[in-house]
Amino acid sequence: MTSAATWTSFIKSIASYNGDISSLTAPPFILSPVSLTEYSQNWSEHVDLLVEPNFITENDASKLGASAGEPIELLRMLAVIRWFVSTLKSQYSSRSEELGSEKKPLNPFLGEVFVGKWEDASKEGKLGETILLSEQVSHHPPITAYAVENKKNNTILEGYNGVRASMATTALNVRQYGHAMLEFRNFNENYLITLPPLHIEGLLAFSPHVELEQKSYIQSSTGYYTVFEYSGKGYFSGKKNSFKARVYKNFEESKKKENALYTISGQWSEKSNIAKGASSPSSKNDLFFSARECEAQHLKVKPMEEQHPLESQKAWAQVADAIRKGDYDLIHNAKSELENAQRELRKTEEANNAKWNRRWFDEVDYSAKAATDDDIFVKLSKMANLSIKNVVSGIDADSSKNDEVETMSHWRFVPENFDNETEIKI
Ligand code: HC3
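Residues numbered from 1 in each chain as written. Predicted model: local features only at pLDDT ≥ 70, side-chain atom pairs only at ≥ 80, totals over all residues. Heavy atoms only, no water.

*Asks:* For the pattern of salt bridges, give the residues involved together with the corresponding values.
*Replies:* Tallied over the entire structure, the rule returns 22 salt bridges. In this structure, Lys-89 engages Glu-97 in a salt bridge whose closest nitrogen and oxygen atoms are separated by 3.6 Å. Among the ionic pairs, Asp-373 bridges to Lys-382, the shortest N-O distance being 3.5 Å. Via salt bridges that share partners, Arg-359, Glu-421 and Glu-423 belong to a single interconnected network. (Salt bridge = Lys/Arg side-chain N within 4 Å of Asp/Glu carboxyl O.)

Structure below.
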């Protein structure tokens, strides 16, 4: 079959499909040799911006496009927004820019891990080292949990994500489950970050790529609340990867758009501008972030020979080689070998009444915590009127979508487990 014919039959096969993305059988040329556990690094390719809120002072208002005299908590929210906007290109468009299209990542096996570090690239040595731990904590449904830790600046980002997909007429719609939480221990400030819905467009044109849609939110423990709205070509600006972020004093204030303290808009893969108040900024307003002028700092990963068999690149080495060669039989055989070994492991566990021990993350049931404000996730969710159930990321607490779901368990980082880690080195 020609590439075009294989592609057409693949498109036909996904037209009837619904749900677990790992069950999609894609043609070799659309397979990526990279496992989904590696995608967690995209949260921190601008590690300087991630830790930046630690260094913000009252005098930095103009650097963020804000007016002099703004509260430091608002300036830190703006700095967190700048970091978040910087992550979007790495997360959602860098692969199609580099490879020409979005490809299907390798579906991680339970217990697969991916680790690495960002070395301090600052002249003054103020950033310190930042590490990434990413672990596949569930295979069915696929869920990846991660932690990004900068000990020097007492900053930690943790979260998890899973996806469900459904085919629409010309696009694959993807809903994300999970969230991220960012903590600045130096000033006891926390942020809850929800994950935007997305779709894969360009399927019929042979060039799948991601476009974000609808909304996502950032809630700070200081009250400040930001609503992001995403659109593609032909909506706000007629440009791909467009977004608008409105920052409010708190969730209540967000009920009227005119209450916005600042509005940031532009393209997350290009430039965005900021203006005070609720009106959309134009390119004449202060520049907020320029993705092209801010080069991503890639994660440093150990050479393959030093990796543990559970580490993504080592575990998938043969499959990845076969994908690079475009050899379908080789891909199939190498994948089957890995998947059969996993099946055998699960059978042995079942026979021994044992379960796979997650390495660095724990699944926490929030039903008991739901009524209290002691837990930061519960507190921030309540502040933003967000559901704490296992629903699509960013669903309102009072949405009817909550009624169908009872469970409220979320994956959390257990730092002691990593402190006691003896097998996997960064
Ligand atoms: C939907 C996706 C897999 C999931 C990827 C996620 C949501 C993973 C978590 C990251 O933080 C953000 C992220 C970015 C991109 C998402 C991927 C885009 C495409 C991929 C599908 C499984 C591929 C579908 C195959 C094809 C050929 C239709 O593109």
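*Asks:* Which residues make up the environment of His-209, and what are the values?
*Replies:* Relative to the elements of secondary structure, His-209 occurs in strand β11 (residues 209-212). When the C-alpha atoms of His-209 and Lys-103 are compared, they prove to be 8.4 Å apart, with 106 residues separating the residues in sequence. Excluding anything up to four places from it in sequence, His-209 contacts Ser-96, Glu-102, His-199, Ile-200, Glu-201 and Gly-202. Within the local environment of His-209, its side chain forms a polar contact with the backbone oxygen of Ser-207, the two atoms lying 3.0 Å apart. (Helix = DSSP H or I, 4+ residues; strand = E, 2+ residues; numbered from the N terminus. Contact = heavy atoms within 4.5 Å. Polar contact = N/O pair within 3.5 Å; in protein donor to acceptor, adjacent residues only side chain to side chain.)

*Asks:* Residues and numbers for the packing of aromatic side chains, please.
*Replies:* Aromatic rings considered in pairs are described by the distance between their centres and by the relative angle of their planes. Inspection of the entire model under this criterion finds 18 aromatic pairs. Put simply, the rings of Trp-43, Trp-83, Phe-84, Tyr-146, Phe-228, Tyr-230 and Phe-243 pair up and form one aromatic cluster. Above the plane of the ring of Phe-288 lies Arg-82, whose end atom (NZ or CZ) is 5.1 Å from the centre. (Phe/Tyr/Trp six-rings, centres within 6.5 Å; stacked < 30°, edge-to-face > 60°. Lys NZ or Arg CZ within 6 Å of the ring centre and 35° of its normal.)

*Asks:* Tell me what's going on with helix α1 (residues 3-15), and back it up with residues and numbers.
*Replies:* Over its 13 residues, α1 runs 18 Å from end to end, which matches the ideal 18 Å to within 8%, given 1.5 Å per residue. On the buried face of α1, the contacting elements are β7 (155-167). (Expected span 1.5 Å × (residues − 1).)

*Asks:* Go over the environment of Ser-409, please, and point to the residues and values.
*Replies:* By secondary structure assignment, the location of Ser-409 is in strand β19 (residues 409-413). For Ser-409, a relative accessible area of 17% translates into the label buried. Between the alpha carbons of Ser-409 and Ile-388 there is a distance of 8.4 Å; along the sequence they are 21 residues apart. Residues contacting Ser-409, with those up to four places away along its chain left out, are Tyr-160, Glu-363, Val-364, Asp-365 and Asn-390. A polar contact of 3.2 Å, which involves the side chain of Ser-409, links it to the side chain of Glu-363. (Buried < 20%, exposed > 50% of the residue type's maximum accessible area, 1.4 Å probe, protein only.)

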